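Report on the structure
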Amino acid sequence: MEVRHATAPDQIPGATTDWLRGRFLAEQLFVSGEIRLLYSHEDRIVVGGALPEDGPLTLHSPDPLRSEYFLERRELGVVNVGEAGVVTVDGTPYPLAHRECLYVGRGAREVLFEDGAFYLVSTPAHAGFPTARAGLEDAEPVRLGGQEGSNDRTIYKYIHAKGIQSCQLVLGVTVLEPGSMWNTMPCHTHERRTEVYLYFDLPAEHRVIHLMGRPDETRNLVIADRQAVISPPWSVHCGFGTSNYSFVWAMGGENQAFEDMEQVAIGEMR
Ligand SMILES: O=C(O)C(=O)C[C@H](O)C(=O)CO
Ligand SMILES: [Zn+2]
């Protein structure tokens, strides 16, 4: 498991493209036959990919966690970004179709992935909440933006204060309509939470130009399908694709209040 230390906004001026990509971008989470994990010290979020193409894969606890099993002190959100698959938690199978979600609470000992392509997000947890599955039809769809702004999209909230209960993890999926390319515009920061975006359903020949940094000192990262970008609490996070796409957004930190964010007007951005 790769471990990345936390960052500060005063590291951004003068940062090279390679430095930015090495700190904030997870380029290779999905590798056939593997579970790849990345531990970020930004709110101690672990992100990963499980691609069980040659048989089931079991989630183990890597050494940096110093725990007997992965969910001993953690909770986990899973979104299937591939074909239909199954996640089995302590012997109970949960079939997940494309874009469906499973929350696995602290204390679950065995998590097994079969078929599909599973994106994983985990945060530290102080209590156990029940494992729960949800499809797009169970999430609260919120239609935002419009064709005139090239940002006609639907936000599906899965794990949040009024949905699947968790200790601190908040997670959902946003789906852009064909012809819409902008996400999260106008953009925002949230000083009390780190957020990670995983872009998916982006055709291989296309890219998302993701903006990050302080609102008055932005940088861009050029991102391909199934790559994740870490957004520390001080950073904006928004992007423009050369095609439409979907993304999983997931947060951890001080609170679970989705609306607790600082909106940034486009005129304030540099
Ligand atoms: O399209 C959007 O706008 C989003 O999906 C925004 C994310 O949900 C987000 O950044 C929540 O803090
Ligand atoms: Zn956000």
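Small disclaimer: the values here were computed from a predicted structure and weren't measured.

Calculation notes
Residues numbered from 1 in each chain as written. Chains lettered and ligands numbered in written order. Predicted model: local features only at pLDDT ≥ 70, side-chain atom pairs only at ≥ 80, totals over all residues. Helix = DSSP H or I, 4+ residues; strand = E, 2+ residues; numbered from the N terminus. Rg over C-alpha atoms; globule rule 2.2 N^0.38 Å. Buried ≥ 20, exposed ≤ 12 C-beta atoms within 10 Å, placed from the backbone. Pairing = 2+ DSSP bridges. Core = buried A, V, L, I, M, F, W, Y, C linked by C-beta atoms within 7 Å. Contact = placed C-beta atoms within 7 Å. UniProt positions renumbered as here; feature names shortened; annotations may be inferred.

**So, the overall build of the protein**
Regarding its fold elements, the protein presents one helix and 24 strands. For 270 residues, the compact-globule estimate of 2.2 N^0.38 gives 18 Å, and the protein sits close to it at 17 Å. Taken over the C-alpha atoms alone, the protein extends approximately 55 × 35 × 35 Å along its principal axes. Put simply, the protein has 270 residues, and 45% of those count as buried.

**Here's the deal with the sheet that holds strand β22 (residues 238–241)**
Spatial strand order, β16-β22-β19-β20: four strands in an open sheet with antiparallel pairing. Both outer strands of the open sheet, β16 (182–183) and β20 (217–223), are each paired with one neighbouring strand and no more. The pairing of strand β19 (residues 208–214) with β20 spans seven bridges and is classified as antiparallel. Opposite Ile209, over in β20, you have Val222 as the bridge partner.

**A few points about the nonpolar core**
Judged by nonpolar contacts, the single largest core of 68 residues is most densely connected at Val47 and Val196. Those residues in contact with Val196 that sit more than four places away from it in its chain are Ile45, Val47, Val121, Ala228, Val229, Ile230, Ser231 and Ala250.

**A look at the sheet that holds strand β5 (residues 57–58)**
Strands sit in the order β5-β10-β7-β8 across an open sheet of four strands; the sheet is antiparallel. Each edge of the sheet is formed by a strand with only one pairing partner; in this case those strands are β5 and β8 (92–96). As defined by bridge partners, strand β7 (residues 85–89) adjoins β8 across five bridges and the pair is classed as antiparallel. Residue pairing across strands places Val86 opposite Pro95, the latter belonging to β8.

**Considering the pairing of β22**
Two elements, β16 and β22, share two bridges in a ladder whose sense is antiparallel. When the sheet's bridge partners are listed, Trp182 is paired in β22 with Phe240.

**Details of the UniProt feature "binding site: Zn(2+)" (unreviewed entry) in the protein**
In the UniProt entry, the feature "binding site: Zn(2+)" (unreviewed entry) is given for His188, His190, Glu195 and His237. These residues run over 50 residues, yet every pair of their C-alpha atoms falls within 11.3 Å of each other. Take His188: it is sitting in strand β17 (residues 188–189). Not counting the four nearest positions on each side in its chain, His188 is found in contact with Val236, Met261, Glu262, Gln263 and Val264. With respect to the secondary-structure elements, His237 resides in the loop between β21 (227–231) and β22.

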